[in-house]
Amino acid sequence: MYIVLAIDRRWEPKGYDMLTRRHFIQTTTALFSATVANPVFADSWPTEAQKAEWDAQVSPPGFDPATSNPWGLHPRFLPQRVDAKDGLVPGDIHVDAVARYLYHIEEGGTAMRYGVAIARGNLYEPGVYNIKRKVRWPHWTPTQNMIERDPENARWADGMEPGPQNALGSRALYLYVGDRDTYLRIHGTPYPRSIGGRASSGCVRMVMAHINELYPNVEIGSTAHLYSAEDSVTARS
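Residues numbered from 1 in each chain as written. Predicted model: local features only at pLDDT ≥ 70, side-chain atom pairs only at ≥ 80, totals over all residues. Heavy atoms only, no water.

The name recorded for the protein chain in an unreviewed UniProt entry is L,D-TPase catalytic domain-containing protein, from Pseudodonghicola xiamenensis. Quoted straight from UniProt, the Pathway (unreviewed entry) entry for the protein chain says "Cell wall biogenesis; peptidoglycan biosynthesis." In the Sequence similarities (unreviewed entry) part of its UniProt record, the protein chain is described as follows: "Belongs to the YkuD family." (UniProt positions renumbered as here; feature names shortened; annotations may be inferred.)

1. Topic: the packing of aromatic side chains
In total, this model carries three aromatic pairs according to the counting rule given. Ring centres of Phe-77 and Tyr-101 lie 6.2 Å apart, and the angle between their planes is 65 degrees; this geometry places the pair in the edge-to-face category. In this pair, Phe-77 sits in the loop between helix H1 (48–57) and strand S2 (80–83) while Tyr-101 sits in strand S4 (residues 101–105), placing the two residues 24 residues apart along the sequence. Overall, the relative accessible area of 7% leaves Phe-77 in the buried class. Three or more aromatic residues link up through ring pairs in this structure, and these residues are Phe-77, Tyr-101 and Tyr-103. Looking at Arg-113, its charged tip hangs above the ring of Tyr-101, at a distance of 3.9 Å from the centre. Directly above the aromatic system of Tyr-215 lies the positively charged group of Lys-134, at a separation of 4.3 Å from the ring centroid. (Phe/Tyr/Trp six-rings, centres within 6.5 Å; stacked < 30°, edge-to-face > 60°. Helix = DSSP H or I, 4+ residues; strand = E, 2+ residues; numbered from the N terminus. Buried < 20%, exposed > 50% of the residue type's maximum accessible area, 1.4 Å probe, protein only. Lys NZ or Arg CZ within 6 Å of the ring centre and 35° of its normal.)

2. Focus: the nonpolar core
Membership of the largest hydrophobic core comes to 25 residues, with the highest contact counts inside it found for Ile-93, Val-95, Leu-102, Leu-175, Ile-186, Met-206 and Leu-226. When residues no more than four places from it in sequence are discounted, the contact partners of Leu-175 are Tyr-129, Asn-130, Ile-131, Arg-180, Asp-181, Thr-182, Tyr-183, Leu-184, Arg-185, Ile-186, Ala-224 and Leu-226. (Core = buried A, V, L, I, M, F, W, Y, C linked by side-chain atoms within 4.5 Å. Contact = heavy atoms within 4.5 Å.)

3. Observations concerning the environment of Tyr-124
In this fold, Tyr-124 is placed in the loop between strand S6 (118–119) and strand S7 (127–136). In this structure the C-alpha to C-alpha distance between Tyr-124 and Cys-203, which are 79 residues apart in sequence, comes to 7.4 Å. Tyr-124 has contacts with Val-95, Ala-97, Ile-118, Ala-119, Arg-198, Leu-226, Tyr-227 and Ser-228, leaving out every residue within four places of it along the chain.

4. Quick look at the side chain of Asn-166
Secondary-structure assignment places Asn-166 in the loop between helix H2 (144–149) and strand S8 (171–177). Residue classification places Asn-166 among the buried positions, given a relative accessible area of 1%. When residues no more than four places from it in sequence are discounted, the contact partners of Asn-166 are Pro-138, His-139, Trp-140, Met-160, Glu-161 and Pro-190.

5. A short note on the UniProt feature "active site" (unreviewed entry) in the protein chain
Taking the UniProt record as the reference, the feature "active site" (unreviewed entry) is found at His-187 and Cys-203. Of the residues just listed, which span 17 residues, no C-alpha pair is farther apart than 7.5 Å, and they cluster in one region. Tracing the backbone through its elements, the reader meets His-187 in strand S9 (residues 180–189). Residue His-187 is classed as buried on the basis of its relative accessible area of 4%. Sequence-distant contacts of His-187, that is, excluding residues within four places in its chain, are made with Ala-167, Leu-168, Arg-171, Ala-172, Cys-203, Val-204, Arg-205, Met-206 and Ile-211. In this structure the side chain of His-187 is engaged in a polar contact, spanning 3.4 Å, whose partner is the backbone oxygen of Ala-167. If you trace the backbone, Cys-203 turns up in the loop between strand S10 (198–200) and strand S11 (204–207). By relative accessible area, Cys-203 is classed as buried at 7%. Other than its neighbours up to four places away in sequence, Cys-203 contacts Ala-117, Ile-118, Ala-119, Tyr-183, Leu-184, Arg-185 and His-187. (Polar contact = N/O pair within 3.5 Å; in protein donor to acceptor, adjacent residues only side chain to side chain.)

Here's what the structure looks like:
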């Protein structure tokens, strides 16, 4: 089953047969800073000033989401506004596991599309989730399974403090099923060159500057659809 959410063939890789497309560009600007001061401990929270400083650090100078690319991403993974299929719920998120795209559905029949990385191997968990929490500059604590797969994570068993090197990056959307935290997140990453690949332990990764743009537009209670390869949201040949 193929569910075409948004159509844009300009940057599709070999093996994809996308339909005709029309997209629009949305731009913003942001500051940049090369320094991070006064790291905080895992049981504390950064000040608003510290958060603003980190936000500036992870955004390139003169940041334009559609063109800024100091990370060396394939151009198709830069944010684009695309047409969305009729009937999709504005505010919902759809993640294409094959094309490595996240779509945020907007009012008026459009969606913002972002490049993502998904989980490696069989750690990716397709499903329908509810976003019940969102955090700016979150803490991160590895699960026991993460520690067993990678014993080096044991040093963060009591939590990693927020900051640009934190595994969840600058923003995190927390995915639930009912009242159960699945420990799956849509989050920023300190490893932007992983975008387009399979790299995480279950979560969906985004460039920090990109999720910073997405974050204020996502409401608590929104639905996130993570599709399997068999239910890809873009057509394949």
